[in-house]
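Okay, here's what each chain looks like letter by letter:
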Amino acid sequence: MTSAPGVPELTVVEVPVSDPRVEPLLRELGDEYSARYGKDAHAELARYPDEEFTAPHGGVLLLLLERGEPVAGGAFRQYDETTVELKRIWTHSAHRRRGLARRVVDELEREAGARGYRRIYLTTGPRQPEARALYLATGYRPLFDTAADPETIGPLNFEKHLAADTTDARTGKAPAQ
């Protein structure tokens, strides 16, 4: 990836949840959720086993690194045979307002499509207007009444259908006709 002069290049890496570079993501997400919802949200982050975010289980966890340090990240887990669920979309508190969350979503969509998934599903909380705006701006279809007070809805569900790819990411070949 080429960067503009003076702008550090971002590197995308796939990592396991146990990678020490994931710790800021989990810590900041837990703190943010706890502040917005008034309870310890770190337990919510532990709701899914770490292996669900690994390739053998149909998932992935990606980090965006700048000069080797994590500045953003996100993951998906297999929801069903054709669908992944986005989870843990994060931008480091010192790196917000740079479009990094959009980049994470783009990278996750690309990876999901390359692995043959055709649909992405996700939920975000009613007290996360930035996330709601991100998903609407990146083409996700709300599965809720956007005119309703988010606090009366609960989790805000979204979906996006991915364009069919003509090659299988595992083999690099076009599907058999």
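Refer to the structure above for everything that follows.
Residues numbered from 1 in each chain as written. Predicted model: local features only at pLDDT ≥ 70, side-chain atom pairs only at ≥ 80, totals over all residues. Heavy atoms only, no water.

Engineer: For this particular structure, what's the right way to read the overall build of the chain?
Structural biologist: The helix and strand tally for the chain stands at four helices and seven strands. Counting from the amino terminus, the chain carries its helices and strands in the arrangement β-α-α-β-β-β-α-β-α-β-β. Counting the 177 residues in the chain, one finds 42% classified as buried. The long-range fraction of contacts in the chain, counting pairs at least 24 apart against all pairs at least 6 apart in sequence, stands at 60%. Accessible surface, the chain as shown: approximately 9,600 Å² in total, 51% of it carbon and sulfur. (Helix = DSSP H or I, 4+ residues; strand = E, 2+ residues; numbered from the N terminus. Buried < 20%, exposed > 50% of the residue type's maximum accessible area, 1.4 Å probe, protein only. Contact = heavy atoms within 4.5 Å. Areas by Shrake-Rupley, 256 points an atom, 1.4 Å probe, with all protein chains shown as cover.)

Engineer: Explain the side chain of T138 to me, please; I cannot follow it from the model alone.
Structural biologist: Looking at where T138 falls in the secondary structure, it is placed in the loop between α4 (129–137) and β6 (141–142). By relative accessible area, which is 9% here, T138 ends up buried. Here T138 is in contact with R102, V105, E109 and K160, once residues within four sequence places are set aside.

Engineer: Hey, could you run me through helix α1 (residues 23–37) in this one?
Structural biologist: Because the α-helix completes a turn every 3.6 residues, residues three or four places apart line up on one side. For α1, built from 15 residues, the straight-helix expectation of 21 Å at 1.5 Å per residue is met to within 8% by its first-to-last C-alpha distance of 21 Å. Along α1, the residues classified as buried are P24, L25, E28, L29, G30, Y33 and S34. Directly beyond the C-terminal end of α1, a positive phi value near 70° is found at G38. (Expected span 1.5 Å × (residues − 1).)

Engineer: Help me understand the pattern of salt bridges in this model?
Structural biologist: Pairing between side chains of opposite charge can happen when their charged atoms approach one another. Within this structure, the stated rule accounts for 17 salt bridges. A salt bridge links R36 to E32; the nearest nitrogen and oxygen atoms lie 2.7 Å apart. Of this pair, R36 and E32 both sit in helix α1, four residues apart, which is roughly one turn of that helix. With a closest N to O distance of 2.9 Å, E151 and R127 form a salt bridge. Taken together, the positions of E151 in the loop between β6 and β7 (156–161) and R127 in the loop between β5 (119–124) and α4 put the pair 24 residues apart, joining distant regions of the chain. On the basis of relative accessibility, which here comes to 40%, the residue E151 falls in the partly exposed class. Several salt bridges converge on common partners, so that one network encompasses E32, R36, R96 and E130. (Salt bridge = Lys/Arg side-chain N within 4 Å of Asp/Glu carboxyl O.)

Engineer: Looking at this model, I keep getting lost on the packing of aromatic side chains. Mind explaining?
Structural biologist: Where two aromatic rings form a pair, the distance of their centres and the angle of their planes describe that pair. Under the criterion given, the structure shown has five aromatic pairs. Between Y135 and F158, the ring centres sit 5.6 Å apart and the planes meet at 55°, which makes this aromatic pair tilted. Pair noted here: Y135 is in helix α4 and F158 is in strand β7, with a separation of 23 residues, a long-range link. For the pair formed by Y135 and F158, the shared burial category is buried. Taking the centre distance of 5.2 Å and the plane angle of 85° together, the rings of F144 and F158 count as edge-to-face. Of this pair, F144 sits in the loop between β6 and β7 while F158 sits in strand β7; the two residues are 14 residues apart in sequence, bridging distant segments of the chain. The buried category is assigned to F144, whose relative accessible area is 13%. Judged by its relative accessible area of 0%, F158 falls in the buried class. Among the aromatic residues, those joined into a ring-pair cluster are Y135, Y140, F144 and F158. (Phe/Tyr/Trp six-rings, centres within 6.5 Å; stacked < 30°, edge-to-face > 60°.)

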